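# Report on the structure
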Amino acid sequence: MNIEATLGKEHAKKLLSIQKQTGQTVGEVLNQAIDIYYQEVQLHRQTSDQTSSPGEFSKDSLIGLFAGSPDLAALSEEILQQEISTASGFTWKKP
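Residues numbered from 1 in each chain as written. Predicted model: local features only at pLDDT ≥ 70, side-chain atom pairs only at ≥ 80, totals over all residues. Heavy atoms only, no water.

### Notes on the overall build of the protein chain
Helix and strand counts for the protein chain come out as three helices and zero strands. Burial statistics for the protein chain: of 95 residues in total, 7% are counted as buried. Carbon together with sulfur atoms contributes 57% to the accessible area of the protein chain, which is approximately 8,900 Å² in total. (Helix = DSSP H or I, 4+ residues; strand = E, 2+ residues; numbered from the N terminus. Buried < 20%, exposed > 50% of the residue type's maximum accessible area, 1.4 Å probe, protein only. Areas by Shrake-Rupley, 256 points an atom, 1.4 Å probe, with all protein chains shown as cover.)

Following this line, the structure appears as structure tokens:
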């Protein structure tokens with residue numbers, strides 16, 4: 001398949017840089033990039049709730065913003081209890 005595309009200045013620089021570093025043709029670089037992106041979309045499709053569109057996950061500005069336990073959502077109450085101390089400024093409200 002022949003594809004005609006116009007690249008912006010930054011993407012053109014990146015493409016030329018990849019070609020210089022790898023010795024690949026434009027077609028080879030694009031084929032590899034499409035394979036990688038396709039795998040990413042398929043992985044997201046398998047793990048998503050199917051309510052978001054492909055590519056939407058990479059636009060979420062909160063992804064990767066916070067560091068913490070990988071099971072934070074499931075163990076939030078337990079983690080909070082461990083972190084609360086007199087020095088933290090948090091207190092428990094009596095029922």
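### Some details on the environment of Gln-21
Positionally, Gln-21 belongs in helix 1 (residues 9–22). Among the polar contacts made by the side chain of Gln-21, one reaches the side chain of Ser-17 at a distance of 2.8 Å. (Polar contact = N/O pair within 3.5 Å; in protein donor to acceptor, adjacent residues only side chain to side chain.)

### Section: the pattern of salt bridges
Evaluated as defined, the whole model comprises one salt bridge. Lys-13 is the partner of Glu-10 in a salt bridge, and the nearest nitrogen-oxygen pair spans 3.9 Å. Here Glu-10 and its partner Lys-13 are both found in helix 1, three residues apart, which amounts to about one turn of the helix. (Salt bridge = Lys/Arg side-chain N within 4 Å of Asp/Glu carboxyl O.)

### A short note on the confidence of the model for the protein chain
Of the residues in the protein chain, 65% reach a pLDDT of 70 or more, and the chain-wide mean stands at 77. The least confident element of the protein chain, judged by mean pLDDT, is helix 3 (residues 76–83) at 74; the most confident is helix 1 at 92. (pLDDT = per-residue confidence, 0-100.)

### Some thoughts on helix 2 (residues 26–47)
A rise of 1.5 Å per residue sets the reference length of helix 2, with its 22 residues, at 32 Å; its end C-alpha atoms lie 32 Å apart and thus fit the reference within 8%. Inspection of helix 2 places Val-29, Val-41 and His-44 among the buried residues, and these make up the whole buried set. Buried residues in helix 2, looked at end-on, bunch into an arc of 95°, giving them a common side. Exposed side of helix 2, more than 90 degrees from the buried face: Tyr-38, Gln-39, Leu-43 and Gln-46 are the residues found there. Looking at the buried positions of helix 2, the neighbouring elements they touch are helix 1. (Expected span 1.5 Å × (residues − 1). Arc of directions from axis to C-beta. Contact = heavy atoms within 4.5 Å.)

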